[in-house]
Amino acid sequence: DRVSPSGEAFLVLSAVRHALLLCLAFVLQTTWIPHIQIAGIVPDLVLLLVVFIALTSGHLQATIFGFAIGLCQDTFAPTELGLNALINAVAGFGVGVTRGRFVADAIQVRLTILTVAVLVHDLGYYVLHSNFPILDVPYLMFRFGLGHAVYTAAFGFVVAGFLRLRRELIPV
């Protein structure tokens with residue numbers, strides 16, 4: 001099955017848009033987002049965007065972009081090089097593969113998917129990170145994982161609301 005020239009152009013533009021959005025999310029995650037922390041917990045813009053890519057473009061783009069942006073995140077913690085790349089890629093792949101099994105048009109469904117993706121992401125991070133003893137994982141998930149998932153989902157809800165409002169006020 002060959003994609004039409006207009007379909008190929010759409011795929012390229014979609015990939016470029018995703019790359020630019022991920023770069024913006026990465027810059028915001030490392031500069032602005034730490035200033036809105038609550039009890040040491042911040043929303044994860046990068047993972048939010050990887051889940052968005054998985055829901056809108058599928059598992060292939062989400063896996064590739066999740067891996068690439070994860071490598072960028074890993075440059076800030078080179079002792080665990082590859083950990084964020086692996087976990088973001090797995091999260092993107094998991095959401096992308098399962099996207100056809102549910103109707104993700106409702107905001108509640110998308111927020112549930114995002115919350116589960118963040119929980120799975122954090123669980124994988126705590127289990128695979130070399131500085132965390134395995135016996136501390138339940139505490140870390142309760143102390144940070146749940147809050148991280150809820151804060152990221154709430155942040156995603158606000159972003160989705162602003163995007164919807166922009167679409168209604170400024171039709172394309």
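All values reported here derive from a predicted model rather than from experimental measurement.

(A) Focus on the environment of Leu-55. Examined against the element boundaries, Leu-55 turns out to sit in helix H2 (residues 45-57). Of the residues examined, Leu-55 reaches a relative accessible area of 12% and is grouped as buried.

(B) Highlighting the pattern of salt bridges. The full count for this structure, using the stated rule, is 1 salt bridge. For Glu-168, the salt bridge is made with Arg-164, and the minimal N-O distance between the two is 3.3 Å. Linking Glu-168 with Arg-164, this pair stays in helix H6 (residues 137-169), spanning 4 residues, or about one helical turn. Arg-164 carries the same exposure label as Glu-168, and that label is exposed.

(C) Molecular detail of the nonpolar core. The biggest cluster of nonpolar side chains holds 27 residues, and the ones touching the most others in it are Leu-22, Leu-45, Val-51, Ile-69, Val-95 and Leu-114. Counting residues per element, this core draws most heavily on H2, at 10 residues.

(D) Looking closely at the layout of surface pockets. In this structure, the largest pocket occupies an estimated 1,000 Å³ of space. Around the largest pocket, the lining is made up of 28 residues, and of these Phe-52, Gly-156, Val-159, Ala-160 and Leu-163 lie nearest the centre. Sort the elements by how many residues they give to the lining of the largest pocket and H6 lands first, with 10 residues. Grouping the amino acids of the lining of the largest pocket by side-chain chemistry returns 20 nonpolar, 2 polar and 6 charged. The computed volume of the second largest pocket comes to approximately 580 Å³. Along its surface, the second largest pocket is lined by 18 residues, and Asp-44, Gln-73, Asn-84, Tyr-125 and His-148 are the ones closest to its centre.

(E) Just helix H4 (residues 83-98), in detail. Its 16 residues place the ends of H4 23 Å apart at the C-alpha level, agreeing with the 22 Å of an ideal helix rising 1.5 Å per residue. Taken together, the buried positions of H4 are occupied by Leu-83, Asn-84, Ala-85, Ile-87, Asn-88, Ala-89, Ala-91, Gly-92, Val-95 and Gly-96. Looking at the buried positions of H4, the neighbouring elements they touch are H2, helix H3 (59-74) and helix H5 (107-128).

(F) Just a nonpolar patch on the surface, in detail. A surface patch of nonpolar side chains, about 670 Å² in accessible area, is lined by Leu-86, Val-90, Leu-123, Val-127, Leu-128, Ile-134 and Leu-135. At the level of secondary structure, the elements contributing two or more residues to the nonpolar patch comprise H4 and H5. Note on placement: Leu-86 falls in helix H4.

Scoring rules and cut-offs
- Residues numbered from 1 in each chain as written.
- Predicted model: local features only at pLDDT ≥ 70, side-chain atom pairs only at ≥ 80, totals over all residues.
- Heavy atoms only, no water.
- Helix = DSSP H or I, 4+ residues; strand = E, 2+ residues; numbered from the N terminus.
- Buried < 20%, exposed > 50% of the residue type's maximum accessible area, 1.4 Å probe, protein only.
- Salt bridge = Lys/Arg side-chain N within 4 Å of Asp/Glu carboxyl O.
- Core = buried A, V, L, I, M, F, W, Y, C linked by side-chain atoms within 4.5 Å.
- 1 Å grid on protein atoms, 1.4 Å probe; cavity = no way out; pocket = protein on both sides within 12 Å on 5 of 7 lines; lining within 4 Å.
- Points joined across faces, edges and corners; volume = space filled by probe spheres on them.
- Nonpolar A, V, L, I, M, F, W, Y, C, P; charged D, E, K, R; others polar.
- Expected span 1.5 Å × (residues − 1).
- Contact = heavy atoms within 4.5 Å.
- Patch = residues over 30% accessible without salt bridge, like charges linked within 9 Å, V, L, I, M, F, W, Y side chains within 5 Å.
- Areas by Shrake-Rupley, 256 points an atom, 1.4 Å probe, with all protein chains shown as cover.

By themselves, these are just geometric observations and shouldn't be taken as functional.
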